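# Remarks on the overall topology
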Amino acid sequence: MSVKSTAARSSRGGAKRRGGAGRKPELVQLLTPEGERVEHSEYSIDLTPEELRGLYRDMVFTRRFDGEAVTLQRQGELGLWASLLGQEAAQIGSGRATRPDDYVFPTYREHGVAWTRGVDPLNLLGMFRGVNNGGWDPNLNNFHLYTIVIGSQALHATGYAMGVAKDGADSAVIAYFGDGASSQGDVAEAFTFAAVYNAPVVFFCQNNQWAISEPTERQTRVPIYQRAAGFGFPGVRVDGNDVLAVLAVTRAALEHARSGEGPMLVEAFTYRMGAHTTSDDATRYRLDEETEEWAAKDPIARLKAYLANEGLADETFFAEVEAESDALAKRVREGVRAMPNPEPMAIFDNIYADGHALVDEERAQFAAYQASFEGSEEGAAR
Amino acid sequence: MTSPKTMTIAKAINESLRTSLETDPKVLVMGEDVGKLGGVFRVTDGLQKDFGEERVIDTPLAESGIVGTAIGLALRGYRPVVEIQFDGFVFPAYDQIVTQLAKMHARALGKVKLPVVIRIPYGGGIGAVEHHSESPEALFAHVPGLKVVSPATPSDAYWMMRQATECDDPVIFFEPKRRYWDKGEVDTAAVPAPLHRARIAREGTDLTLAAYGPMVKTCLEAAAAAEEEGHSLEVLDLRSMSPIDFDTLQASVEKTRRLVVVHEAPVFLGTGAEVAARITERCFYHLEAPVLRVGGFHAPYPPARLEEDYLPNLDRVLDAVDRALAF
């Protein structure tokens, strides 16, 4: 076969791909897809029934809220939404591993982590509705703003962690990113800085198998967690759809960072059940059978099975959680619809902390321009 | 009370950083080779010895990493002053500066501050190899959220660095590297002018030369030469490219009625273009001639053997002065 014809075949791209470098990875698992508890030689967890039910509740709420956001986008209430469907365990497990004094640096898909940090889901929707570009006080919940440029936040997390170490605090920092971001220079630089300064940061990679349309094998030839070794710190791959394993591994990684051992990389092996965003069409590049395969590993279903089989929760509980999540969705729906558009003059707000003559001048000019409509026909129509 | 001391621009920045490190425990100095070596220009000489490796930090050789981690440190409450070793090496960090540093205060609705100073030795005239002689200031002045300044004298180097370090916004601090060894008086007990206020470096009546950083000296030399020919030129040191002090500039041009803007950076869409547009708008009825610009060409910075031809010098400035006066 000539080179040319190979190129032509691949560029035609008729065949859809199966995502995921390494189909049968070594990973830490404490709860099988069937809902059976298994033990792991290095990582263990012992939760009370109430804690287990709490994780279930978190995941159901997150999924319900996420689904509501997708609907709101379809109804035109949001401009865009990046769904986390399928990644609930990776986010709830890791988020619940953090302490209040820890600091979280998310991407734009960490809705479940935000929930565990106490960020009101409505706050997350502002930027997707287009009423702000961030919209919450990061220091209120130690949850930084969503970061859209891929991988940038890994460096912010590392710098923040360097500061934590300088302060002599025993907090840890966690940086979220995805399999696509693992190709970014900023992530590699973050690994380098974190390693040489021994910064207390956990790099939490949700490998959801797809960076929009590109499978993980387009990003890496080795499992992502193995990259840590080259930088001189430990890496571990965990079943990202197993909330118990994610919680156990992330707790250990954060403890590793807190105890002065430096950074650690956690690769949560999971799957993006939805499209990249509401603007994406995943049917163009991946197979339904792959999605079905991952649906059988659903993070919520497996915990539900475990809770039911072990008699840790009954139908009343599941029904309550369902009802509460509906109430949450209702609150979100109504809250988004009531979210006002910002005033035009808000364009000039908070550009500088110490002021700037040009901003002052343009603000005054724009205010005068706006005022010129007042009382006129156009003004009345505005 | 200390009396004014004579020192170089490099030493003035060093003294300024020393004062900031002494007075504010949150100030950090970061960059490649800023520690034992004292930076390739020795601007941070002795600082690590006196303030330790925890505060004067040698970083890995990765500019995006330097700025990105400085952002994180600022979010933690620190005030990092980072060095980019040369102008041409800032671009790996450009993404962090433009997409993150500049916008984060606004994105957080004002709830976080980003007091990060990025020091960049810039400009040509030192016979360097490629990427060591550039003037990218307009690329930063164009970005909302950043402040951009450049001192021309040791006194300004000292005080503007002090003010930049105390500023709660990100400041890109362009240091005129070919003037690092120029000497002047620094009064560390003085009351400095505001950071973004332009300075009349020389008074005159016939035409205003506006410049900043390394070109201020060139313009002063041009004004001295013009005086011999009977022309009185005012030299205005802008000091700040974002924001630009158009009020001081306007007052000068209303007096002299002619303006020539000089910088090393390419003229096309440069600082001079903005100055020309704004001053034309503000001083339309006062101008006797169009605002003229002297600066770099739309060409890559040339090899060192050609840089004397490329850089604005006395003759090129005076040529523009003659053309403006001929209107």
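The shown structure was predicted, so the numbers you read here are calculated from the model rather than taken from an experiment. (Residues numbered from 1 in each chain as written. Chains lettered and ligands numbered in written order. Predicted model: local features only at pLDDT ≥ 70, side-chain atom pairs only at ≥ 80, totals over all residues.)

Residues and elements named next belong to chain A. Spatial strand order, β1-β2-β3-β7-β6: five strands in an open sheet with parallel pairing. Of all the strands in the sheet, the pair left with one neighbour each is β1 (103–105) and β6 (235–239). Across the sheet, the mean angle from the axis of one strand to that of its neighbour is 20 degrees, orientation sign disregarded. Here β6 runs beside strand β7 (residues 264–269); their pairing, made up of five bridges, is parallel. The residue of β7 that forms the bridge with arginine 237 is glutamate 267. The sheet contacts of helix α7 (residues 152–167) involve β1, β2 (173–178) and β3 (201–207), and relative to β2 the element is tilted by about 170 degrees. (Pairing = 2+ DSSP bridges. Helix = DSSP H or I, 4+ residues; strand = E, 2+ residues; numbered from the N terminus. Axes fitted to C-alpha atoms, helices over the stretch in contact; angles between N-to-C directions. Contact = placed C-beta atoms within 7 Å.)

The UniProt entry lists residues 7–182 of chain B under the feature "domain: Transketolase-like pyrimidine-binding" (unreviewed entry), expressed in the numbering used here. The distance from the first to the last C-alpha atom of residues 7–182 of chain B is 8 Å, and the span holds 36% helix and 17% strand. (UniProt positions renumbered as here; feature names shortened; annotations may be inferred.)

Taken over all residues, the pLDDT of chain B has a mean of 97, while the share at 70 or more is 100%. Interface confidence for the predicted complex, given as ipTM, is 0.97, next to a pTM of 0.95. (pLDDT = per-residue confidence, 0-100.)

Now for the interface of chain A and chain B. Listed per partner, the contact involves 34 residues of chain A and 35 residues of chain B. Breaking the side of chain A that touches chain B down by element, the ones donating at least two residues are α6 (138–141), α7, α8 (185–196) and α14 (357–371) of chain A. Take the side of chain A that touches chain B: its biggest share by element is eleven residues, from α7 of chain A. Split by residue class, the side of chain A that touches chain B holds 15 nonpolar, 14 polar and five charged. (Nonpolar A, V, L, I, M, F, W, Y, C, P; charged D, E, K, R; others polar.)

Sequence positions flagged by UniProt for "domain: Dehydrogenase E1 component" (unreviewed entry) are, in local numbering, residues 57–336 of chain A. Taken end to end, residues 57–336 of chain A is 50% helix and 11% strand, and its first and last C-alpha atoms sit 23 Å apart.

A few words on the pairing of β7 of chain A. Residue and element names in this part refer to chain A. Counted residue by residue, β7 has six buried out of six residues, so it is predominantly covered. By the alternation rule, side chains of β7 split into Met264, Val266 and Ala268 and Leu265, Glu267 and Phe269, which are all buried. Pairing analysis gives six bridges linking β3 to β7, with the strands arranged parallel. Counterpart to valine 202 in the pairing with β7 is methionine 264. Following the backbone out of β6, through helix α10 (residues 243–261) and into the adjacent parallel β7, one traces a crossover that is right-handed. (Buried ≥ 20, exposed ≤ 12 C-beta atoms within 10 Å, placed from the backbone. Right-handed = clockwise from strand over helix to strand, strands pointing away.)

Residue and element names in this part refer to chain B. As for its position among the elements, valine 143 is in the loop between α6 (137–141) and β6 (147–149). Take valine 143: there are 18 C-beta atoms within 10 Å of it, and that puts it in the partly exposed class. Those residues in contact with valine 143, other than ones at most four positions away along the chain, are Val98 and Ala102.

What follows covers the pairing of strand β4 (residues 79–83) of chain B. All names here are of chain B. Most of β4 is tucked away, with five of its five residues classed as buried. Side-chain alternation along β4 places Arg79, Val81 and Glu83 on one buried face and Pro80 and Val82 on a second face that is also buried. Here five bridges tie strand β2 (residues 27–31) to β4, and the two strands are oriented parallel to one another. Along β4, the bridge assignment pairs methionine 30 with valine 82. Examined bridge by bridge, β4 and strand β5 (residues 117–122) share three bridges and lie parallel to one another. Within β5, the residue paired with valine 81 across the bridge is valine 117.

Looking at the assigned domains, one finds that chain A contains domain 1 (18–338) and domain 2 (344–381). The centre of domain 1 of chain A, based on its C-alpha atoms, is set 40 Å off from the matching centre of domain 2 of chain A. (Domains from an automatic or database assignment.)

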